[in-house]
Amino acid sequence: MATIGQDIVQAKTILEAGELVAIPTETVYGLAGNALNPRAVASIFETKNRPSFDPLIIHVPSLEVAEDYVSEIPAALRKLAEEFWPGPLTLLLPRNKIIPDIVTSGLDRVAVRVPNHPLTLNLLGQLGFPLAAPSANPFGYISPTSPQHVDAQLGGKIPYILDGGLCKVGLESTIVGMEGNEVIVYRLGGLEVSEIEKVVGEVSVKSHSSSNPQAPGLLESHYAPTKPFIIGNLDDLIKEWHGKDMICAVLSLKKRFSSIPDEYQIALSPKADLKEAATHLFSAMRMLDSSNAQLILAELMPDEGLGKAINDRLKRAATKG
Ligand code: TXA
Ligand code: MG
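Residues numbered from 1 in each chain as written. Chains lettered and ligands numbered in written order. Predicted model: local features only at pLDDT ≥ 70, side-chain atom pairs only at ≥ 80, totals over all residues. Heavy atoms only, no water.

1. Some words on the packing of helix α1 (residues 8-16) against helix α6 (residues 118-126)
The N-to-C vectors of α1 and α6 enclose an angle of 50 degrees; their axes lie 10 Å apart at closest approach. Taken together, the axes of α1 and α6 lie oblique to each other. Judged by the sense of rotation from one axis to the other, the crossing of α1 with α6 is right-handed. Contact residues: α1 offers I8, A11, K12 and L15, while α6 offers L119, N122, L123 and Q126. (Axes fitted to C-alpha atoms, helices over the stretch in contact; angles between N-to-C directions. Helix = DSSP H or I, 4+ residues; strand = E, 2+ residues; numbered from the N terminus. Parallel < 35°, antiparallel > 145°, perpendicular 65-115°, else oblique. Left-handed = near helix turned anticlockwise from the far one by under 90°. Contact = heavy atoms within 4.5 Å.)

See the structure below:
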């Protein structure tokens, strides 16, 4: 079983030996290995059961170090890095040959980010290589936002989980790249599009497609609980499913429902703060998924700010009819 602790020296030793460590970031926990060691990277795919066509993000301690692994940083993306790193922003940049093919699934661009977590920044600063790290969950399941989430599913497969507490943002990073002169958002995430637009002007969002060749990992069905997960108007859904005598769990922004026992309902933010809702989203989905309920009913958030990224996750989690 994995040891859970805060020992950076131990984490470093394990990573230098080509093994894996789960690392905290402000977004979600990552399953990290030496990005320059193809065997370590292969074991990330294996541990997660992740298909090899879905490339990984490399994590570095600074913009300066990022330059060692890319051939160029377009001016607009450099501005974003200067403004938002360390933070929940991943940039797709033309890769330098030092990055093994297995990291990018053979694509010409590598995804790079500087995570904003003191333990992980400290660790990255002491390593002589970047860390390839997807979210530390089995492929397709809900991303982990605590060391216990990682331990529950991957604890038997990895030696060490670096304990950085609960993730403050709670949603994966926003992924941004360029096509010609245009800045494109490929995955909505913890950095709001409006923040990006303040720095580089208007951008296009291309996050909704399983057939998008630029981001093969953005599969339509993802972040999915094991129980049926149904999105809609909660009053209507409760009437329908509770009425059929099904044990329903309910995920709302702030509303509570008198017909549903307390242990089967979670309001993500009683004051309707979308940032708070984002922080709680994945742990709430996991909690309801492990309850005795037979299905989970959920509502979409207001379609603004982080609500857009939350809604993206809810829709991908939803049971397809
Ligand atoms: O917040 C995050 O980004 C977390 C933490 C651990 O840093 N990581 C994360 O990794 O969410 P993952 O592997 O679960 O999601 C990465 C996404 C995938 O959808 C993948 O397809 C896309 O990034 N991606 C990675 N490299 C890419 C590339 N070269 N071109 C296009 N898409 C890429
Ligand atoms: Mg993931």
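2. Some points on the pattern of salt bridges
Using the criterion set out here, one finds 15 salt bridges in the structure. Between E16 and K12 there is a salt bridge whose closest N-O contact spans 3.4 Å. You can see E16 and its partner K12 sitting in helix α1, 4 residues apart, about one turn around the helix. Through salt bridges with shared partners, a single ionic network connects E172, D312, R313 and R316. (Salt bridge = Lys/Arg side-chain N within 4 Å of Asp/Glu carboxyl O.)

3. A closer look at the sheet that holds strand β1 (residues 3-5)
The strand order across the open sheet formed by 11 strands is β1-β8-β2-β3-β7-β4-β6-β5-β9-β10-β11, and the pairing between neighbours is mixed. Each of the sheet's edge strands pairs with one partner strand only, and the pair in question is β1 and β11 (204-205). Both β1 and strand β8 (residues 160-162) contribute to a ladder of 3 bridges, which runs parallel. Paired with G5 across the two strands is L162, which belongs to β8. Against the sheet, helix α2 (residues 38-48) contacts β3 (30-34) and β7 (131-132), and its axis sits at roughly 155 degrees relative to β3. (Pairing = 2+ DSSP bridges.)

4. Here we look at the nonpolar core
Grouped together as the largest cluster of nonpolar side chains are 86 residues, with contacts concentrated most on I58, W85, V112, V176, F229, L251 and L281. Per-element tally for this core: the top contributor is helix α10 (residues 274-289), with 8 residues. Residue contributions to this core reach at least three from each of two domains, namely domain 1 (3-205) and domain 2 (229-317). Beyond its immediate stretch of four places on either side in the chain, V112 contacts I57, I58, V60, A66, V70, W85, L89, T90, L91 and L93. Counting 16 residues, the second-largest nonpolar core is a separate cluster that includes I14, L123, F129 and L162. (Core = buried A, V, L, I, M, F, W, Y, C linked by side-chain atoms within 4.5 Å. Buried < 20%, exposed > 50% of the residue type's maximum accessible area, 1.4 Å probe, protein only. Domains from an automatic or database assignment.)

5. Some words on the pairing of strand β6 (residues 109-113)
For a regular strand, side chains alternate in direction, first toward one face of the sheet and then toward the other. Among the 5 residues that make up β6, 5 are buried, leaving the element largely enclosed by the rest of the structure. What you see with β6 is no split at all: R109, A111 and R113 on one side and V110 and V112 on the other are buried throughout. Two strands pair when backbone bridges link them, and strand β4 (residues 57-59) and β6 are joined in this way by 3 bridges, in the parallel orientation. Bridge assignment links H59 to a residue of β6, and that residue is R113. Bridge count for strand β5 (residues 89-94) against β6 is 4 bridges, and the pairing is antiparallel. Bridge pairing in β6 links P94 to R109.

6. Overview of helix α9 (residues 234-243)
Among all positions in α9, only L234, L237 and I238 are buried. Across the axial projection of α9, the buried residues extend over an arc of 100 degrees, all falling on one side. Opposite its buried face, α9 presents the exposed residues K239 and G243, each directed more than 90 degrees away. Where α9 is buried, its residues contact β12 (229-231), β13 (248-252) and β15 (295-298). (Arc of directions from axis to C-beta.)

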